[in-house]
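# Structure at a glance
So you can see what is in the structure, the chains are spelled out below.
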Amino acid sequence: MEYRPQEMETRWQEYWKANQIFRVNPDSSQPKYYCLEMFPYPSGKIHMGHVRVYSIGDLIARFKTMCGFDLLHPMGWDAFGLPAENAAIEKNLHPSLWTTQNIASMRGQLEKLGLSYDWDREVTTCLPDYYRWNQWLFIKMFERGLAYQKEGSVNWCPSCETVLANEQVVEGECWRCARLVIQKRLTQWFLKITAYAEELLSSLTTLTGWPERVLLMQKNWIGKSSGLELRFPIVGRAESLTIFTTRPDTLFGVTFLCIAPEHPMVPLLIEGTSEREAVLSFIKKAQGQDKTVRTSLTLEKEGIFTGAYGHHPLTDEKIPIFVGNFVLMEYGTGVIMAVPAHDQRDFEFATKYNLPIRIVIAGPTGVPTGAYVDEVGVLVDSGRFTGLAVQEGQKAICKFVEKKGVGQEKIYYRLRDWGISRQRYWGTPIPILYCKQCGIVPVPLSDLPVLLPEDIPFTGKGGSPLSQSPLFANVVCPKCHLAASRETDTMDTFFDSSWYFLRYLSPHETKAPFDSPSAARWLPVDQYIGGVEHAILHLLYARFFTKVICDLGLTNIREPFSNLLTQGMVIKDNAKMSKSKGNVVNPDVLIDQYGADTVRLFSLFAAPPEKDLVWSDDGVQGAFRFLTRVHRMVSRYGGSEMIVPVGGADTLGVGTPIYRMTQRTIKRVTEDIEKFSFNTAIAALMEFYNFLSHEMEHPQTAVPFYKETVRGAMDHLVLLLSPFAPHLGESLWEMLGHPPSISQVAWPSYDPAWVEDETVEVVVQINGRIKAKFNAQAATPDEVLQKRAFDEPKIIAAIAGRPIKKIFVIKGRLINIVL
C-alpha cells in the first residue's frame, strides 16, 4: 500500500473534528495539564517558525493526553496591531476585514498541520467580546491607582506615528518598522508596573521551570539597586536636586552634577542666565538622540554648563551643574553626582571639560592615577571618614547623611511604568472621558465595551485617528450629564496579550473576563512555549497582570506559567528566515508535497527545540523517507500471519531481544520527550524501526511466542510515533486492527527489569582464528555487527583486499569470515 499522506491527513483531520477528539471534557476527574503556545499575529500566512513552535506544543499536548492528563490546548489570535492599520492605508481595506481574512487563512493552515487545538475556545483580541474585558481591567486598575495619566518624555516613532514602550525600542529603533526612535513630550496613560517591581524580582526564584537566560534578562531589566538618595540644594534658590548613588563612599569626590536634558528642573536652572540659549540648543540636539545611543559606552560624552551651582551637603562646596547627553530622566532621579576619579564615564567628561578630579578611594596598591572603580581600598581625603574601608565607609556615610537630614538610604529600580497610550486606530479604545466639570471620568462598566468607530478615514497622518470621529469623541458625562470628550488614544497591543491565557478558560463568559472556577481548575499554565524575544516584553507584562488580577480577587495564583520553553529560530542561508531576506520556505508547499507529518517530524528532528534550526531540504526528504518506510512495513506485515491478531499478549515474549528492544525504546522515547530532547527521541524510533524491519525480513518463528512479541513491538512503535506524526499514527493503528483514535490510547509503560543496556563481547574470526574483539549491545542486528567488524583495523589489515567467500554470524556473539 502506497503512502499518500495528503489523503490520509485530510481524512483524520475530518475525523478529529467530527468527533471533537480534542475538546476539553468539563466533567473529567483526571489531573489537568494546560499546554499553550504563544498565539500569533494574523499576518496572513504562517511560516516555518510557526510550524516549529506549534509542532513542539502539539507533541507535548498529545503526549500528556496519552499519559492520562485532562488537557487544555487552545489557540487564538493577537489580532490588534499596526500592520492591519498600515494595510488599510495602503489597500483602502478596513483593518477588521484584513484581519478576518488573514485569520481564516492562517486557521486553515494550522488545521492542515493537524494540531490538537480545542477550537471551541478560540480567542480573537480585536473582537468586542474580548477587548471589552481589556477596558474592564483598565478601569479596575484605574480604581486602584495602577492606571494613571501624566505628561512625560516618550519614545516616538515618526514612521508609525505612535508612542513606544521602552521595551519596544530595540537598539534605538522601532521594533515594528526599524526606524530611528526620537523623544517627544506627550500626555500619556501609564500602568504602574513599578508597584510590583520587588515582587516581580523576588518571585523569579520560584520559576524553576524557566530558562536561566530569561530569568537573568528579567532580573536585569527590573534592575534593583540599593544606595543613598541625597539632596543638593541649588545655590541661591529654595529648590534642591536629588541624586541617587550606589557609591556613597565616593561622596567627597563629587566635583560636578549632571542633569538629564528632559529634567523639569532645567528651565529653572537656566532662568535668567547667559547660558540659557546655548543650553536650550544643546537640549534640542540631545533629545533628538535615541536613549539607547545616549547610554552607550561608545557615545561621546557631551554636556553644557547651566550657569547654576549645587551646594555639597557634606563639604559645603559649590558644585557646577551641567546638562549631559548621557543622563536619562528614566534612570534614578534624572540627576547624577559625578565622581571623575572613580567612574570612567565621569572621568572622560571631566577630562574633556577640564573639571576637577579628586581621588577619595585608595586601592590596595596605593593612590590610583586614573579612574579607580573597584570597591576595594580605603577612603582618603574624606573628612571624618578618612581611613575607613570602602564597605565600612559606605555604611558610616549613609548613617551620617540620614542623621543630618539631607538624605536617606533607598532602593531604586531600573524598571519604569508602562506607557500604554498609542495614537492608532486598530487597538482597544481607552475607556476614559474628560469632563470640564468632573475631570477624568472612567466609562461606567455597564457601558462597556467602548466600540471602535467605523467612520474613520485611514490616512496614517494627523495623530490619533479616533479624534477624527465626532460621533466617537463627543459624549455626555455620566456624572454631571454635561458635554464631555472621549480619550482618543488606544491601548498598546501588549495589553491584549498580557492576560489572553485566562480568557481561554471560559471564552464565552459574558459576566466577567473569565470564570473563576475554571481558573481554579486550570491555572497556572503548565507549559508555555514561545520565542526568547518575548522575555522582557510579553512575559514580564503577563506576570504583572497575573499579580494584579490575583489582587482583584479573581484568581489565587501570582505567576502565570509554571514552565517555559523558548525555541530557537529557523535559519536558512546563514540568516533567519524572513521575507526581506528572500529565504522563506512556504509550509503549504511542503505539506502539499510531503504531508504535514513530514514537516512536523523534520522540525522536531533537525535540532533541539532551544537551539536554532538550520534548514535542510535533505532533512525534509529524510523525514519523508522514514515515515514512508514505517508505513510500508506496517502495511505489509500488520495484517499478515507473521504477527498475531490484535489482542495478542506481547508479554509472553519477556526477555527476548525484541521484547528487550521494545522496553528500552519505550523508556528512551518517554524520557526524551519529558526533557524536550525530541530529536533523540526520534533517533530512538528510527533505531527501533531498523531493528523491527530486520526482524520482519529475518523472522525467527521458532522462538517461543515470537509472533506475539512482534505484535507488541509493532503496536508500540506506532504508539510511540503517533505524537510526532499523528495522521500516520492513526492510519497505522487502524491497519493493526485497533479502533480510532490512537490519541486516546494510554501511553505505554516499560518493564524496568529489561531496559538496561546489555553489552556482549563479539569475537571476530578469520578462517577460524581469532583476529579481533569488540563490545556491542545485545540483540544488535547481524548486518550491523558485520559492518562493525569490517571497521576493526586488525580485520582490515588481515583481509587486505582478499576475496571473502562467506560470513557467519552466530547468536550475535561470533563472526566468522571465510576467505
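Here goes a summary of the coordinates provided. Treat the numbers as computed from the prediction; the structure is a model and nothing was measured.

In terms of nonpolar packing, the biggest core is built from 177 residues, with Y34, L110, F138, L191 and F724 touching the most fellow members. Those residues within four positions of L110 in sequence are excluded, and the remaining contacts are I46, Y54, M75, W77, L115, Y117 and W119.

The subject of this paragraph is the layout of surface pockets. Considered as a void within the structure, the second largest pocket measures approximately 1,100 Å³ in volume. In terms of lining residues, the second largest pocket is bounded by 33 residues, among which T246, Y331, I336, D343 and R345 are the most central. Counting only elements with at least two residues in the lining of the second largest pocket, the list comes to strand 11 (240-245), strand 15 (335-338), helix 11 (344-352) and strand 18 (407-413). For the lining of the second largest pocket, the leading source of residues is helix 11, giving four residues.

This paragraph deals with the side chain of R62. Mapped onto the elements of the fold, R62 is located in helix 2 (residues 48-66). Looking at R62, its side chain comes within polar contact range of the main-chain oxygen of G114, at 2.8 Å. In this structure, R62 is in contact with W16, F22, G114, S116, R600, P723, P726 and S743, ignoring residues within four places of it in sequence.

With that out of the way, let us pick up the pattern of salt bridges. By the definition in use, this model includes 36 salt bridges. For R107, the salt bridge goes to E122, with nearest N and O atoms at 2.6 Å. Placement of R107 in helix 4 (residues 95-112) and of E122 in the loop between helix 4 and strand 4 (123-124) is noted, with a sequence separation of 15 residues between them. Classification of E122 as partly exposed rests on a relative accessible area of 22%.

For the structure shown, the criterion picks out 42 aromatic pairs. Note on F326 and F349: the rings are 5.5 Å apart at their centroids and 65° apart in plane angle, and the pair reads as edge-to-face. Separated by 23 residues along the polypeptide, F326 in the loop between strand 14 (318-324) and strand 15 and F349 in helix 11 bring together distant segments of the chain. Here F495 and F545 contribute two aromatic rings whose centre-to-centre distance is 4.8 Å and whose plane-to-plane angle is 90°, an arrangement assigned as edge-to-face.

Following L448, the chain continues to P449 via a peptide bond in cis, the omega torsion being 5°. Its location among the elements puts P449 in the loop between strand 22 (439-442) and helix 13 (470-473). Looking along the chain, the bond that leaves L523 and enters P524 is cis, with omega of -5°. Summarising the element assignment, P524 is placed in the loop between helix 16 (516-522) and strand 26 (527-531). Despite not being glycine, N92 has its phi angle at roughly 55°, a positive value.

Once that is clear, we can look at the sheet that holds strand 28 (residues 570-572). Strand order across the open sheet formed by three strands is 29-28-30, with mixed pairing between neighbours. The outermost strands of the open sheet, each flanked by one partner alone, are strand 29 (575-576) and strand 30 (613-614). Where strand 28 and strand 30 come together, two bridges link them in parallel fashion. Along strand 30, the bridge assignment pairs I571 with V614.

On to the side chain of S731. Turning to its location among the elements, S731 is positioned in helix 24 (residues 726-735). Among all residues touching S731, those that are not within four sequence positions of it are M8 and W12.

Quick look at the packing of helix 2 against helix 19 (residues 596-605) now. Where helix 2 contacts helix 19, the two axes come as close as 9 Å, and the packing angle between them is 90°. Here helix 2 lies roughly perpendicular to helix 19, going by the angle between them. Residues M48, V51, R52, S55, I56, D58, L59 and R62 of helix 2 lie in contact with helix 19, whose contacting residues are V599, R600, S603 and L604. Split into classes, the residues belonging to the contact of helix 2 with helix 19 amount to six nonpolar, two polar and four charged.

Reading the values: rules and limits
- Residues numbered from 1 in each chain as written.
- Predicted model: local features only at pLDDT ≥ 70, side-chain atom pairs only at ≥ 80, totals over all residues.
- Heavy atoms only, no water.
- Core = buried A, V, L, I, M, F, W, Y, C linked by side-chain atoms within 4.5 Å.
- Buried < 20%, exposed > 50% of the residue type's maximum accessible area, 1.4 Å probe, protein only.
- Contact = heavy atoms within 4.5 Å.
- 1 Å grid on protein atoms, 1.4 Å probe; cavity = no way out; pocket = protein on both sides within 12 Å on 5 of 7 lines; lining within 4 Å.
- Points joined across faces, edges and corners; volume = space filled by probe spheres on them.
- Helix = DSSP H or I, 4+ residues; strand = E, 2+ residues; numbered from the N terminus.
- Polar contact = N/O pair within 3.5 Å; in protein donor to acceptor, adjacent residues only side chain to side chain.
- Salt bridge = Lys/Arg side-chain N within 4 Å of Asp/Glu carboxyl O.
- Phe/Tyr/Trp six-rings, centres within 6.5 Å; stacked < 30°, edge-to-face > 60°.
- Pairing = 2+ DSSP bridges.
- Axes fitted to C-alpha atoms, helices over the stretch in contact; angles between N-to-C directions.
- Parallel < 35°, antiparallel > 145°, perpendicular 65-115°, else oblique.
- Nonpolar A, V, L, I, M, F, W, Y, C, P; charged D, E, K, R; others polar.

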